[in-house]
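Notes for the structure review
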Amino acid sequence: MGPIKGRVRRGGFGLILVCFGRLVAVAGRRRSGGEMDFNMKKLASDAGVFFSRAVQFTEEKLGQAEKTELDAHFENLLARADSTKNWTEKILHQTEVLLQPNPSVRVEEFLYEKLDRKVPSRVTNGELLAQYMMEAANDFGPGTPYGKTLLRVGETQKRLGGAERDFMHSASVNFLNPLRNFLEGDWRTITKERRILQNRRLDLDACKARLKKAKAAEAKASAEHELRLAQTEFDRQAEVTRLLLEGISSTHVNHLRCLHEFVESQTTYYAQGYQYMLDLQKQLGSSRGEIFPGTFVGNAESTSPPPATTSPTTVAATIPAVPTIPVVPTVGGAPTPATAVEGALNLNDVKPPASGTRKARVLYDYEAADSSELALLADELITVYSLPGMDPDWLVGERGNQKGKVPVTYLELLS
């Protein structure tokens, strides 16, 4: 019974006074002269109903009156409806947090929605980061290596921010709005009908109590007539409430469809982000030789082996050529063009540089494609270093007296 229920626990008489005061406020109408015109007959009738319900409710809480119990199926419907409402509220709130982590912005958007006003457009965090990077690139010089990279990364962040905006809009329309509509529409109707059913049950049990207390035949006849009417009203309201509760199954079906649409939107968002980052990685990879020629190329540790590794000549044919040092010393001391280094260089005759060698842990087994490569076993430690003019995706690896080229993607470079 909502707020009335809490007052009854503190005393039935206080509830009666509150109910009577409410009835006076509702039934009273001001005349032009300022007097109060009461419909005393209706007021007395309503006051009697409220008084009867209050007494019945209080006696039930004190264990002094019998209570009509609902059947097990009806109770299960009530429990499922309450569970649906509670979990829908939690899922709705957490999804809102996922889409908009800033609580102040969420409150502002809530107020705009309640005032039926359009929420102002905001830049996403990715778009704001892109703006700062592009401004910094213009300040440092867009032709410098740092400025050029800032422009590329900023453009990607802008695209990521746009994808995030599309995802947030799609999730709000296809997922959040249906959940809100259930809580603000269907659930309010269910709650209202459940309160009416509670009142009808109290009326029914009050009639049963009066029939038990009736002594005279005339009083019994009147009590039986009231009981029949109360039973009819209760049964009718129970059927209305039951139909609404059974509609929760349709609500689950609708929310399931919305959940699929949410997953589709999220999949599209992450797929776009992944593709954008792959494109950026390729752009940065094609220019790293310009910025850091002849240096190590680090790799992120992964949980699965990389795609089938191709030989240096195949890689060179499929990716943009990396600028290399034009002239490198050969074993005999005569200068040789950089493009012929790997073919003309005998790795067995190459000595590691005095500085620049590093230890590396092998992530996956690797089978050498030819005699110039070094076969690898997972988890073993080898020494690696780079030679001027080598493909940046490969290093020279040494294990004891064995030496050969090894793919960088199969290694974890250690400090």
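Above: the structure in question.
Residues numbered from 1 in each chain as written. Predicted model: local features only at pLDDT ≥ 70, side-chain atom pairs only at ≥ 80, totals over all residues. Heavy atoms only, no water.

1. Remarks on the overall build of the chain
From N to C terminus, the chain includes eleven helices and nine strands. For the chain, the proportion of its 415 residues judged to be buried stands at 32%. Sequence separation of 24 or more characterises 67% of the internal contacts of the chain that already satisfy a separation of 6 or more. Carbon together with sulfur atoms contributes 57% to the accessible area of the chain, which is approximately 25,600 Å² in total. (Helix = DSSP H or I, 4+ residues; strand = E, 2+ residues; numbered from the N terminus. Buried < 20%, exposed > 50% of the residue type's maximum accessible area, 1.4 Å probe, protein only. Contact = heavy atoms within 4.5 Å. Areas by Shrake-Rupley, 256 points an atom, 1.4 Å probe, with all protein chains shown as cover.)

2. With respect to a nonpolar patch on the surface
There is a patch of nonpolar side chains on the surface, built from Val 123, Leu 128 and Tyr 132 and spanning about 280 Å² of accessible area. Summarising the element assignment, Leu 128 is placed in helix α6 (residues 125-140). Judged by its relative accessible area of 30%, Leu 128 falls in the partly exposed class. (Patch = residues over 30% accessible without salt bridge, like charges linked within 9 Å, V, L, I, M, F, W, Y side chains within 5 Å. Salt bridge = Lys/Arg side-chain N within 4 Å of Asp/Glu carboxyl O.)

3. Quick look at the pattern of salt bridges
Across all of its chains, the model carries 17 salt bridges by this definition. Where Arg 210 meets Glu 226, a salt bridge forms, and the shortest distance between an N and an O atom there is 3.4 Å. One end of the pair, Arg 210, is in helix α7 (residues 145-213); the other, Glu 226, is in helix α8 (residues 217-246), and 16 residues separate them in sequence. Between Arg 236 and Glu 233 there is a salt bridge, with the nearest N and O atoms lying 3.0 Å from each other. Here the residue Arg 236 and the residue Glu 233 both occupy positions in helix α8, the gap between them amounting to three residues, near one helical turn. By relative accessible area, Glu 233 is classed as partly exposed at 34%. It is possible to trace a salt-bridge network through shared partners that takes in Asp 71, Glu 239 and Arg 242.

4. Some thoughts on unusual backbone geometry
With phi around 80 degrees, Asp 379 is a residue other than glycine that occupies positive phi space. Among the structural elements, Asp 379 can be located in the loop between β5 (358-362) and β6 (381-385).

5. Comments concerning α8
Here α8 spans 43 Å end to end across 30 residues, near enough to the 44 Å set by a 1.5 Å rise per residue. When α8 is considered as a whole, its buried residues turn out to be Ala 223, Leu 227, Ala 230, Phe 234, Gln 237, Ala 238, Thr 241, Arg 242 and Leu 245. (Expected span 1.5 Å × (residues − 1).)

6. Structural notes on the pairing of β5
Sheet topology places β5 next to β6; four bridges connect them, and they run antiparallel. Paired with Ala 360 across the bridge in β6 is Ile 382. Where β5 lies against strand β9 (residues 411-413), three bridges are found, and the strand directions are antiparallel. Bridge pairing in β9 links Arg 361 to Glu 412. (Pairing = 2+ DSSP bridges.)

7. Considerations on the packing of helix α4 (residues 72-99) against α8
One way to put it is that α4 packs onto α8 with a least axis distance of 9 Å and a crossing angle of 50 degrees. Judged by the inter-axis angle, α4 sits oblique to α8. Two packed elements cross with a definite hand, and for α4 against α8 that hand is left-handed. Taking contact as the criterion, the partners of His 73, Phe 74, Leu 77, Leu 78, Arg 80 and Ala 81 in α4 are, on α8, Ala 238, Thr 241, Arg 242, Leu 245 and Glu 246. For the contact of α4 with α8, a count of residues per class yields six nonpolar, two polar and three charged. (Axes fitted to C-alpha atoms, helices over the stretch in contact; angles between N-to-C directions. Parallel < 35°, antiparallel > 145°, perpendicular 65-115°, else oblique. Left-handed = near helix turned anticlockwise from the far one by under 90°. Nonpolar A, V, L, I, M, F, W, Y, C, P; charged D, E, K, R; others polar.)

8. Points about the sheet that holds strand β8 (residues 402-407)
The five strands lie next to each other as β8-β7-β6-β5-β9, forming an open sheet whose pairing is antiparallel. Strand pairing shows two members of the sheet lacking a second neighbour, β8 and β9, which therefore form its edges. Geometrically, the sheet is characterised by an average inter-axis angle of 40 degrees between neighbouring strands, direction not taken into account.

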